[in-house]
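# Understanding the architecture of this molecule
Listed below are the residues making up each chain.
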Amino acid sequence: MSKGESTLPALPTGLTRHKNGTYYLRRRIPADLLSSYDGKKEIGESLNTKNYKDAVERFYVRDAQIQTDWREKRQRFVDIQVARELRGLEVLRELSEDDIKRVTDQFEAESLAGDEQRREKGHYQLDDIHEYQGAYSDVLPLLKAAVAVGDIRIVAPALSQFLYLHNYDNQLSEHDFRRLALAYARASIRVNEQLLRRYDGEDVPTPSSVKISGLKLCELATEYVTKYEASNKLAMTKKVKLVIPMLVESTGNKPISAIKQSDINRFFELVHDLPPRWSDLSRKKKQNWVEIAKQKLGEIAPGTFEDTYKAVIRRFLDWAITNYQDRGFPTTLTTKLIEYDGSRKGGENHQRAFSTTELARLLTGPEMRKMAENPEDHHKFWLPHLGLFTGARVNELCQLHPEHDILQDSESKVWYLRITTEGEAVEGVRKSVKTPGSVRLVPLHSELVQLGFLDFVRRQVRSKQKLLFSPFRPSRDKASGEAEKWFREFLRETGVRDETPGAKITGMHAFRSTIMNRAMNQRVQGVEAITGHAHNSKEAARQEKEQQVSPVVKKYQGEMAVTSKSVILEQIGWPDLKLIKPCG
């Protein structure tokens, strides 16, 4: 730099100087605001000065205006998003002809209504009419040519904007979006032609807007689930909380008046293609149930189809028709003729009873002996033993509180398990039973007492554990989460697991079949009162009929005394099993 040549101070970020000396403001548009600038990525403006001081002053004034504008745009985006979320989105996932008609009818009605409203308020000038006539006349041939060759580029941006502004969540496939775009283009042609006729002075009436109930399926579903939870029907509530959100997910959050029988049919078509334990697969692959079903990785079991999915939807439709037909819920929706059409057979998931040989392998093999010798594994030792001698469900056993749920009858001195939804449990566990009839007292078999089970219970009490099998970690509000997985793996490890359809041994439930089978073969009656089968068992119903016990009498009789249950249980024995006694 030559002597005496002045240097300019550093320029603020965003202020640039052209080679001719003129200063410019240049700001890169933030990514979240690009959609507001029609493809522009930068704001570039001349500050109309070559004077550094004036340029800096003008730059800061204009930059402040731009920053304020950006903040306002961001706030508008937030306001629009909040409003859309409050109203609830209608998901467009698979396009029906009714969906196409509803969208295009809405577009036509609103377009003509807007023109009519502007005319009624006197906002049109003759120059406006001439300008619009020219614009619509120019665009009509383009629209017609685009429709003729199936080119949707001219209407795709306008359609996307229309769907967004009208609260549709566009999840359409490329094929379905093209179908809707072509229908939208045809609707645009009709609108333009009708507007041109209006500009020529013709009387072109505005069609009535499509009257759609404001109540959305998601709101209806939420109300139904909430009401069902209050009914205290625990087993069915669990199914309702699973299935109803699935219906919303597959159908989309439509207005209730727009729900079609085809939506219900499609739901069940997808359900048919759900593989066993699909929810685990969904979590692992991070895909929703619809995506899992479309992969056709298996089939739902017929019993699950009927007793879970169809039963829940049937009740929901009956409730919605009864309570919301006056607000537009279709009264013709039904599950009546929807039948299971998969290849799986009923009862194939039934777990059979263990054979004596299989029980010996499980309970007297080297793996169990090793558990018996290690106090840290005693929870694994006692879980299958308790299952065998009580026939209780695995979650019923795992949620037991060692101090409050394992008690002794004050008169008979019989020890028993208190299976209930009441009482203290560990954090993250919600005590539950399958049915109201599953709440019961279950006596401890003398064999368990002789093996030292009560010593295990006392150790758990002394260490202030709130779950009997505390080393097994709960999951998803259930105390048995890890315990079930461990036992399934134990069956594999010992070679006892059996996948034979209709005669499986895949989990703890096989112990329930085992005690029932043992009681039948040893001609012991009344074991259903111990296992909690009494209210569902056909055999129990037959016995009640033979004894001429009416439901009213049975209600007042109450639960069988634990001492009487103990007498029944002690008649069931396994003298051919030489069980191991764990170390103290």
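Before reading further, recall that the structure is shown in the block above.
Below, the structure is looked at part by part. Values in this document were obtained by computation on a predicted structure and should not be read as measured data.

Next up on the list: the packing of aromatic side chains. Applying the stated criterion to the full structure yields 26 aromatic pairs. Aromatic side chains Tyr136 and Tyr199 sit 6.1 Å apart centroid to centroid with 10° between the ring planes, which places their arrangement in the stacked category. On the criterion of sequence distance, the pair formed by Tyr136 in helix H3 (residues 126-149) and Tyr199 in helix H5 (residues 174-199) is long-range, its members being 63 residues apart. Residue classification places Tyr199 among the buried residues on the basis of a relative accessible area of 10%. With a centroid separation of 6.0 Å and 55° between ring planes, the pair formed by Trp486 and Phe487 is classed as tilted. Assigned by exposure class, Trp486 and Phe487 land together as buried. Chaining the aromatic ring pairs together yields one cluster made of Phe354, Phe472, Trp486, Phe487, Phe490 and Phe511.

In this section: the nonpolar core. Core analysis: the largest hydrophobic core is formed by 58 residues, its most contacted members being Phe354, Phe453 and Phe469. Among the elements that line this core, the one with the most residues is helix H14 (residues 378-390), at 6 residues. Aside from chain neighbours lying at most four places away, what touches Phe453 is Trp382, Leu386, Ile406, Leu444, Leu448 and Leu468. Counting 43 residues, the second largest nonpolar core, distinct from the first, contains Tyr224, Val248, Phe268 and Phe316.

This brings us to the sheet that holds strand S1 (residues 15-17). With antiparallel pairing, the 3 strands of this open sheet are ordered in space as S1-S2-S3. Each of the sheet's edge strands pairs with one partner strand only, and the pair in question is S1 and strand S3 (42-46). Taken pair by pair, the neighbouring strands of this sheet meet at an average axis angle of 25°, ignoring direction. Here S1 pairs with strand S2 (residues 23-28) via 3 bridges, running antiparallel.

Locating Asp405 in the fold gives a position in the loop between helix H15 (394-398) and strand S6 (406-408). Residue class for Asp405 comes out buried when judged on its relative accessible area of 1%. A distance of 2.8 Å separates a polar side-chain atom of Asp405 from the backbone nitrogen of His401. In contact with Asp405, not counting residues within four places along its chain, are Gln399, Leu400, Tyr416, Leu417, Arg418, Thr420 and Lys431.

What counts as what
- Residues numbered from 1 in each chain as written.
- Predicted model: local features only at pLDDT ≥ 70, side-chain atom pairs only at ≥ 80, totals over all residues.
- Heavy atoms only, no water.
- Phe/Tyr/Trp six-rings, centres within 6.5 Å; stacked < 30°, edge-to-face > 60°.
- Helix = DSSP H or I, 4+ residues; strand = E, 2+ residues; numbered from the N terminus.
- Buried < 20%, exposed > 50% of the residue type's maximum accessible area, 1.4 Å probe, protein only.
- Core = buried A, V, L, I, M, F, W, Y, C linked by side-chain atoms within 4.5 Å.
- Contact = heavy atoms within 4.5 Å.
- Pairing = 2+ DSSP bridges.
- Axes fitted to C-alpha atoms, helices over the stretch in contact; angles between N-to-C directions.
- Polar contact = N/O pair within 3.5 Å; in protein donor to acceptor, adjacent residues only side chain to side chain.

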